[in-house]
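A structural walkthrough
As a plain string of letters, each chain reads:
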Amino acid sequence: MLNDLVTGKKAELTLDGKTYSLPIMEGSEGERAIDIRTLRSETGYVTIDSGYMNTGSCASNITFLDGEKGILNYRGYAIEDLAEKCSFVEVAFLLVHGSLPTGLELKKFSDLLGGFALIHEDLIHFFDHFPPYSPPMSILSSMVNTLCNFYPEMTDNPGEDIDMMSARLISKVRTIAAFSYKKSMGQPLVYPRHDYPYCANFLNMMFDSPVNPYVVNDEVVAALNKLLILHADHEQNCSTSTVRLVGSARVNLYASISAGISALWGPLHGGANQAVIEMLEEIYENGGDYKQYIDKAKDRNDPFRLVGFGHRVYKSHDPRALIIKKACESVLRSLGISADPLLDIAREIEEVVLQDPYFVERNLYPNVDFYSGIIYRAIGIPSNMFTVMFAMGRLPGWIAHWKEMWDDPNWRIGRPRQIYTGPQRRPFVSLSERD
Ligand code: CMC
């Protein structure tokens, strides 16, 4: 795919008195790149770009985002349209296949999701052997890796029907997530129901109990669909790049996704949604003085960051945050929650921060994680499950990227270079002579 993007234009680089011509590539939305693939072999130089601030690792036709303009499209469709008009299952199909499903395709895919919803009974015993209070992200990552032992025929055969592969994983991750919650509560497991669609089924597995039957609330289902859609892909973010990098060593889908879940766990990445709600709760419990948290975040000598603000790519606004902020209000209203002090604090923080030169100069805006926890909390999801919810949403994106990487004719194992700064080669000193 990469070679098709080379234009006739060239960039010139002069090194040690010699000029080299580097091809220019252009993507379908006009993004431009300098092709340095042969730079080291031609010049002996590598490029350094810690944090990959400026490095394109692949060509991808899954998601486009323009951080300056606040645009996010999956397979060419605006996130605003998808969040408003689609179910999560439709969007999962879109990401994995490249096109929105027809009615028939959607039914087939939904039936597969229903059919794969159970997990092997032996796998359920694994839940009993995690110590109490194990972080759910650790359980999820371990269980997803373990799936390859139960379904070994799926492990390294991406040629297999992609519907089966993605439906199996998307369906079972939902069951694993709900079972891990039930186990943590010491409650009996609630098995998936074939007659419930994806999100309603998840909520039922989470909240139904023999003494308190769960009644599906359409507004809550709609909000969950929206949240999962908004998290479903985000091009080459940390966890997706992890899935691609691990997969580039020709590792099976389960192990690659398990690594992605671990990356997502980090508080600078998906773990921020849990950190935000914990920060808001702390502010509330300490009397609501959020200004001292803003001051701490601005203090260069304090490592504290105002979680839920800032993004590597978005520099004007995060379109997902705008949609979630709006959804917050309608979910609370539909649940009859007339006021949420945490939402009030969040709104006040946003208002103050958007006027504060520190944040304005650094283009720090609320990101996807700032308001999502308020919805999760309102629908009863405990904060230590928030990042698991993010993982459930991101799963179709990870699968689509793993598949794209696997099928790419330009695929190479991911293997960055470095600039070595350690000692130069020196004579070995035997143990008796080391003093
Ligand atoms: N609070 C206070 N200062 C901040 C924040 C923040 N949340 N974010 C960035 N900065 C400052 C940072 O200190 C630096 O200042 P200076 O130029 O004076 O050194 C400047 O802004 C640029 O920050 P950076 O760390 O170089 O930016 P980055 O692109 O490497 O990091 C980020 C992006 C998201 C990791 C960062 O903004 C952050 O840590 N935010 C808080 C955690 C968070 O909300 N993460 C969720 C991100 S969105 C969902 C996801 O990716 O999963």
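Our subject is the structure that appears above.
In this text the structure is predicted, and so the values were computed from the model without any measurement. (Residues numbered from 1 in each chain as written. Predicted model: local features only at pLDDT ≥ 70, side-chain atom pairs only at ≥ 80, totals over all residues. Heavy atoms only, no water.)

Glancing now at the overall build of the protein. From N to C terminus, the protein includes 18 helices and six strands. With respect to the principal axes defined by its C-alpha atoms, the protein has extents near 80 × 65 × 55 Å. Counting over 435 residues, the protein shows a buried share of 48%. Relative to all contacts within the protein whose residues are 6 or more apart in sequence, the contacts with residues 24 or more apart total 69%. Put simply, the protein shows about 22000 Å² of open surface, and 52% of that area lies on carbon and sulfur atoms. Across the protein, the 42 positively charged side chains and the 54 negatively charged ones have centroids separated by 5 Å. (Helix = DSSP H or I, 4+ residues; strand = E, 2+ residues; numbered from the N terminus. Buried < 20%, exposed > 50% of the residue type's maximum accessible area, 1.4 Å probe, protein only. Contact = heavy atoms within 4.5 Å. Areas by Shrake-Rupley, 256 points an atom, 1.4 Å probe, with all protein chains shown as cover. Lys, Arg positive; Asp, Glu negative; His and termini not counted. Charge placed at Lys NZ, Arg CZ, Asp CG, Glu CD.)

Before going further, it helps to examine the pattern of salt bridges. A full pass over the atoms with the stated rule returns 17 salt bridges. Where Lys 226 meets Glu 84, a salt bridge forms, and the shortest distance between an N and an O atom there is 3.8 Å. Highlighted residues: Lys 226 in helix H9 (residues 218–230) and Glu 84 in helix H2 (residues 79–85), separated in sequence by 142 residues. For Lys 107, the salt bridge goes to Asp 111, with nearest N and O atoms at 2.6 Å. Here Lys 107 and its partner Asp 111 are both found in helix H4 (residues 103–115), four residues apart, which amounts to about one turn of the helix. (Salt bridge = Lys/Arg side-chain N within 4 Å of Asp/Glu carboxyl O.)

The final tally for this structure, using the stated rule, is 14 aromatic pairs. Each ring, one from Phe 93 and one from Phe 109, has its centre 5.6 Å from the other, and the planes form 75°; the classification is edge-to-face. Highlighted residues: Phe 93 in helix H3 (residues 88–97) and Phe 109 in helix H4, separated in sequence by 16 residues. Ring centres 6.0 Å apart and planes at 70° place the aromatic pair Phe 126 and Phe 150 in the edge-to-face group. (Phe/Tyr/Trp six-rings, centres within 6.5 Å; stacked < 30°, edge-to-face > 60°.)

For the rest of this paragraph, the subject is the sheet that holds strand E2 (residues 18–26). With antiparallel pairing, the three strands of this open sheet are ordered in space as E1-E2-E3. Each of the sheet's edge strands pairs with one partner strand only, and the pair in question is strand E1 (6–15) and strand E3 (32–34). Between one strand and the next, the sheet's axes are offset by a mean angle of 30°, whatever the strand orientation. (Pairing = 2+ DSSP bridges. Axes fitted to C-alpha atoms, helices over the stretch in contact; angles between N-to-C directions.)

Turning to the site of the ligand, a few remarks are in order. The environment of the ligand is formed by 21 residues, the closest being His 269, Arg 300, Leu 306, Gly 308 and Arg 312. Between Tyr 358 and the ligand, the recorded distance is 2.9 Å, taken from a side-chain N or O atom to a nitrogen atom. Calculation on the ligand without its partners gives an accessible area of 930 Å², and the protein chains cover 77% of this total. Across the shell around the ligand, the residue classes break down as ten nonpolar, six polar and five charged. (Near = heavy atom within 4 Å. Polar contact = N/O pair within 3.5 Å; in protein donor to acceptor, adjacent residues only side chain to side chain. Nonpolar A, V, L, I, M, F, W, Y, C, P; charged D, E, K, R; others polar.)

In this section: the side chain of Glu 350. By the secondary structure assignment, Glu 350 is in helix H15 (residues 341–353). Residue Glu 350 is classed as buried on the basis of its relative accessible area of 10%. Polar side-chain contacts of Glu 350 include one of 2.5 Å to the side chain of Tyr 371. Residue contacts for Glu 350: discarding those within four places in its chain leaves Phe 309, Lys 325, Pro 366, Phe 370 and Tyr 371.

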